[in-house]
Every structure is written in structure tokens, then in C-alpha cells.
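# Residue-level structure breakdown
Chain by chain, the residues:
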Amino acid sequence: MNSKQQTVKLSDGHFIPVLGFGTYAPQEVPKTKATEATKIAIDAGFRHIDSASMYQNEEEVGLAIRSKIAEGTVKREDIFYTTKLWCTFHRPELVQFGLEQSLKKLQLHYVDLYLIHFPISLKPGENYLPTDENGKTIFDTVDLCATWEAMERCKDAGLTKSIGVSNFNRRQLEMILNKPGLKYKPVCNQVECHLYLNQGKLLDFCKSKDIVLVAYSALGSHREKKWVDQNTPILLDDPVLGSMAKKYKRTPALIALRYQLQRGVVVLAKSFSEKRIKENIQVFEFQLTSEDMKVLDGLNKNIRYIPGSIFKGHPEFPFSDEY
Ligand SMILES: NC(=O)c1ccc[n+]([C@@H]2O[C@H](COP(=O)([O-])OP(=O)(O)OC[C@H]3O[C@@H](n4cnc5c(N)ncnc54)[C@H](OP(=O)(O)O)[C@@H]3O)[C@@H](O)[C@H]2O)c1
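Since the structure is predicted, the reported quantities are computational estimates derived from the model, not experimental observations.

Residues annotated in UniProt with the feature "binding site: substrate" (unreviewed entry) correspond here to H117. Looking at the secondary structure, you find H117 in the loop between β6 (111-116) and α4 (144-156). With relative accessibility at 9%, the residue H117 sits in the buried group. If we skip the residues at most four places from it in the chain, H117 touches A52, M54, Y55, K84, L85, W86, S166 and N167.

So, in C-alpha cells, the structure goes:
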């Protein structure tokens, strides 16, 4: 089974495969694992690969992609590769530089999708998470509309096929959509989205604007201590999900992924285990009934695994009870 067959059209005319391979791994995982896993994912049929300069694995992921191209498994145009502009690069003059740095690490000529990773700016510099002597995050003040215009220039320069955003709330999306002189709309908004935070309202809003919602942490997140509250419940242990998995003779992970596809969401799945990578691609082999989709809708409880604590207190903080 090849996920390449299943794509959705973006507002700029390009196509995005509906299942993507997540490449972020906690710090203690050796970066070489990203090469190994990405190769396995491409062999298994994944064609959409999600990374970011922040993940500090683009050399390793690029190596995997290029080796699969060199051995003839895929062509560059078969792969949909996403990278993201980190918060220390929001100043307009740094936006293209950030992408060029990613391309240099990847050793690719273009990416398919370039996203603003998070709608809050941090002090530019070597340090991805700049803090002062008291450990407090050092923010920067940047007009995100100017950042967006620099993203548009990256598309015009042919360095990326499409541009979008990540972790934006409705108001922040509207700020870009209503920007005077907007040349390109964001094609997508990549946000945390799973059975416990199903983002129903944001999804409806995005659909109404022809913006694709891309779900991350759809399997309940990497649960890295630095970012995730360890007291949150483990998504794949949910009993309702478990009994539904039994009913369909699939795994809880597959039900959680399938749920997203059936509601028109593009879904990312990270695994560095060969067995689970091969399992996750089976998401195309079955369908949930509309009754079961409703049951799964009922599991929503507004649990956010990655609350973005380092950004809390900033007036532009995107996560609130609104959407
Ligand atoms: N834009 C953003 O701000 C943002 C934030 C977070 C993540 N992301 C992106 O989204 C991707 C996915 O999110 P995520 O990293 O939070 O993880 P996730 O996709 O929710 O996966 C969570 C964990 O599930 C395990 N897993 C995978 N397949 C499984 C299966 N079939 N059965 C049981 N367990 C399974 C994986 O462990 P194993 O590796 O051991 O299988 C993985 O650590 C990231 O890799 C990254 O590309 C973006």
C-alpha cells in the first residue's frame, strides 16, 4: 500500500499526501535513528515527511531521502517534504536564510512545504530557546505579517512549493488572511490534534477557508518530559479506543489515525520502530462507520499534551479555551 495515491489538493494547486511521517524524537535518541526510520518509512510507502530546523535532524532525514532517490525507490517529486521556520528566525530578513540553512543540511534544492513553526518570536541567535540569567524565555517583537511576506518570497524564489503555518489559532490565521496585499494564503495549519483534543471548531474554520488542518501528536505525542506533563493520560490506553480496535481487528494507533483521515484531516504519525511504521501505513486498509466516528468524537476532553509552556505569558500565546 502506498500513501502516495491518497492526497488532498492544497489551495495553491499542489497536493499533500494525507498520511505523513513524523521525524521528531526526544533529545536522548541518537539522530542517526532518523535516517534509519525515514528509509524504512519510504520503503513502507510513506511519501510525506515532516521535519523542522528545530528538530536538528535535517541532515539525517535528508540523507535518507537522497539515498532512496539514488537507489531508485522514489524520485524527488514523489516525496512531499515539510520543514519549519523556527521562532528565532521570524525577522523578515532571516526567513529565507532559515530555509536555505535547512536546504543545505538536507542537500535538496527545494522543500514542498515551509511553515511558520509557532506564532511567537524569540530573540535571534544561535540558541533555539534563548533564556535570560533567571531562565526566562527571551522574546522578540516581530510583525508576523512581515514574516509571512518573507515566506511568500521564498515560494516565489522556488525554494518551497507551498507555505503555511503551525500552532496558529483562529485569530492569528485571520490576521494573515486579512493582511492587505496578501499574495498567498497559508495552505495549512499544523496543530496538535487527537482524540482528546479534536480541534473541531478550528477544523471547521480551516475548512471554511480552504486551509488543510494537519494533525500532530495524533497518537498521543512523544511524551518527552521537557514538553509534556507526565500526569496526562496515555491516549493509546483509552478503553473506548481499545474496544474499538478489537472490533475492527486493528490497533488503537490505527483507529486514532483513521479517525483523522475520515474527518478530512491530514495526519502525521511518528515511529522509529520498523514494526509500527509498517503498521501505521495500514490506515488505508479499513474504514470506520459514521456511528463509530461519533463515538470517537465523544472522547474529546481538551487535553493538550504539548502546552507550549516556554511561550506562556506572551500576549500572542495561541492556546486558550478559544480556538
Ligand atoms: N508543529 C509542531 O509544533 C509539532 C509538534 C509536535 C510534533 N510535530 C510533528 O508531528 C510528528 C508526530 O507527533 P509526535 O512526535 O508528538 O508523536 P505521535 O505521532 O503522536 O507518536 C507518539 C508515539 O507513538 C508511538 N507509536 C507510533 N506508532 C505506534 C503504533 N502503531 N502503536 C503504538 N505506538 C506507536 C511512537 O513511538 P515509537 O517511535 O517507539 O514507535 C511515538 O513516540 C512529530 O514527529 C513531528 O514531525 C509537530
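From this point on, the discussion continues.
So, on to the packing of helix α3 (residues 92-106) against α4. Two elements in contact, α3 and α4, have axes whose closest approach is 8 Å; the angle formed by their N-to-C orientations is 40°. Taken together, α3 and α4 sit at an angle that is classed as oblique. As for how α3 packs across α4, the hand of that crossing is right-handed. Two secondary-structure elements touch here, α3 through P92, V95, Q96 and L99 and α4 through A146, T147, A150, M151, R153 and C154. Taken together, the residues that form the contact of α3 with α4 break down as 7 nonpolar, 2 polar and 1 charged.

Below, the discussion takes up empty space enclosed by the protein. Summed over the entire model, instances satisfying the criterion amount to 1 cavity of 30 Å³ or more. In this model, the largest cavity occupies a volume close to 60 Å³. Residues of the lining of the largest cavity, tallied by class, amount to 6 nonpolar, 2 polar and 1 charged.

Turning next to the layout of surface pockets. Roughly 960 Å³ of internal volume is contained in the largest pocket. Contributing to the lining of the largest pocket are 40 residues, with Y24, S217, S221, H222 and I306 lying nearest its centre. Along the lines of polarity and charge, the residues of the lining of the largest pocket split into 20 nonpolar, 14 polar and 6 charged.

Rules behind the numbers
Residues numbered from 1 in each chain as written. Predicted model: local features only at pLDDT ≥ 70, side-chain atom pairs only at ≥ 80, totals over all residues. Heavy atoms only, no water. UniProt positions renumbered as here; feature names shortened; annotations may be inferred. Helix = DSSP H or I, 4+ residues; strand = E, 2+ residues; numbered from the N terminus. Buried < 20%, exposed > 50% of the residue type's maximum accessible area, 1.4 Å probe, protein only. Contact = heavy atoms within 4.5 Å. Axes fitted to C-alpha atoms, helices over the stretch in contact; angles between N-to-C directions. Parallel < 35°, antiparallel > 145°, perpendicular 65-115°, else oblique. Left-handed = near helix turned anticlockwise from the far one by under 90°. Nonpolar A, V, L, I, M, F, W, Y, C, P; charged D, E, K, R; others polar. 1 Å grid on protein atoms, 1.4 Å probe; cavity = no way out; pocket = protein on both sides within 12 Å on 5 of 7 lines; lining within 4 Å. Points joined across faces, edges and corners; volume = space filled by probe spheres on them.

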